Amino acid sequence: QVQLVESGGGLVQPGGSLRLSCAASGFTFSSYAMSWYRQAPGKERELAATITSAGGSTNYADNMKGRFTISRDNAKNTVYLQMNSLKPEDTAVYYCNARRTVLTDSGMKDYDYWGQGTQVTVSS
């Protein structure tokens, strides 16, 4: 059974920091690219950051570059999102995502898993 369990969310003051964790199980974690998405109230879900399966490459949304850092520990099947200099507009539910595309005899097959999300609230 595939599981992605996020933790580390909470209430933080503007300028503060939080570290989110996502513990994965039920699939070969080291074969999947991992991402963090977020969804603010009344807005569409947006990509925050992505890290490749081996951790060699990362990408960030423009408004998170320099403040957020995504990392992973394949030995612990866990991906992290370190968030610094938090702003009220960072308030959202943050979701962990695992994605992999595999070439099969029938063509390309996508594997796409989501966690339940963790609430981050930035407020004074």
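Residues numbered from 1 in each chain as written. Predicted model: local features only at pLDDT ≥ 70, side-chain atom pairs only at ≥ 80, totals over all residues. Heavy atoms only, no water.

1. Quick look at the nonpolar core
Argument step 1. Ranked by size, the top nonpolar core spans 29 residues in total, and within it L4, M34, W36, V79, L81, M83 and Y94 carry the most contacts.
Argument step 2. Secondary structure elements with two or more residues in this core: strand 3 (18-25), strand 4 (33-39), strand 5 (46-51), strand 7 (68-73), strand 8 (78-83), strand 9 (92-104) and strand 11 (118-122).
Argument step 3. When residues no more than four places from it in sequence are discounted, the contact partners of V79 are L20, S21, C22, F29, M34, W36, I51, I70, S71, R72 and C96. (Core = buried A, V, L, I, M, F, W, Y, C linked by side-chain atoms within 4.5 Å. Buried < 20%, exposed > 50% of the residue type's maximum accessible area, 1.4 Å probe, protein only. Helix = DSSP H or I, 4+ residues; strand = E, 2+ residues; numbered from the N terminus. Contact = heavy atoms within 4.5 Å.)

2. Regarding the environment of G10
Argument step 1. The topology assignment puts G10 in strand 2 (residues 10-12).
Argument step 2. Each C-alpha atom of the pair G10 and Q119 lies 6.1 Å from the other, and the pair is 109 residues apart in sequence.
Argument step 3. Those residues in contact with G10 that sit more than four places away from it in its chain are L18, Q119, V120 and T121.

3. Side note on the state of the cysteines
Each disulfide consists of a covalent bond between the sulfur atoms of two cysteine residues.
Argument step 1. Throughout the structure, instances matching the rule amount to one disulfide.
Argument step 2. Covalent S-S linkage joins C22 and C96, the inter-sulfur distance amounting to 2.1 Å. On the S-S bond that ties C22 to C96, the torsion sits near -80°, and the link is left-handed. Pair noted here: C22 is in strand 3 and C96 is in strand 9, with a separation of 74 residues, a long-range link. Residues C22 and C96 agree in their burial class; the two are buried. (Disulfide = S-S within 2.5 Å.)

4. Some thoughts on the sheet that holds strand 1 (residues 3-7)
Argument step 1. In space, the four strands of this open sheet follow the order 1-3-8-7, with antiparallel pairing throughout. Each edge of the open sheet is held by one strand with a lone partner, namely strand 1 and strand 7. For this sheet, the mean inter-axis angle between neighbouring strands, taken without regard to orientation, is 15°.
Argument step 2. For strand 1 and strand 3, the ladder comprises five bridges, and the chain directions are antiparallel. Residue pairing for strand 3: E6 is matched across the bridge by C22. (Pairing = 2+ DSSP bridges. Axes fitted to C-alpha atoms, helices over the stretch in contact; angles between N-to-C directions.)

5. Here we look at the side chain of E6
Argument step 1. With respect to the secondary-structure elements, E6 resides in strand 1.
Argument step 2. Although E6 lies buried, it forms no salt bridge, and the closest oppositely charged side chain, R45, sits 7.7 Å away as judged by the N-O distance.
Argument step 3. A distance of 3.1 Å separates a polar atom in the side chain of E6 from the backbone nitrogen of Q116.
Argument step 4. There is a polar contact of 2.9 Å between the side chain of E6 and the backbone nitrogen of G117.
Argument step 5. Each residue touching E6, except ones within four places of it in the same chain, is listed here: S21, C22, W36, Y94, Y95, C96, G115, Q116, G117 and T118. (Lys, Arg positive; Asp, Glu negative; His and termini not counted. Salt bridge = Lys/Arg side-chain N within 4 Å of Asp/Glu carboxyl O. Polar contact = N/O pair within 3.5 Å; in protein donor to acceptor, adjacent residues only side chain to side chain.)

6. Brief notes about unusual backbone geometry
Argument step 1. Its identity is not glycine, yet N77 carries a phi of approximately 55°, on the positive side.
Argument step 2. Positionally, N77 belongs in the loop between strand 7 and strand 8.
Argument step 3. Here N77 falls in the partly exposed class, since its relative accessible area comes to 26%.
Argument step 4. Even without glycine at this site, S85 takes up a positive phi of about 50°.
Argument step 5. For S85, the position within the fold is in the loop between strand 8 and strand 9.

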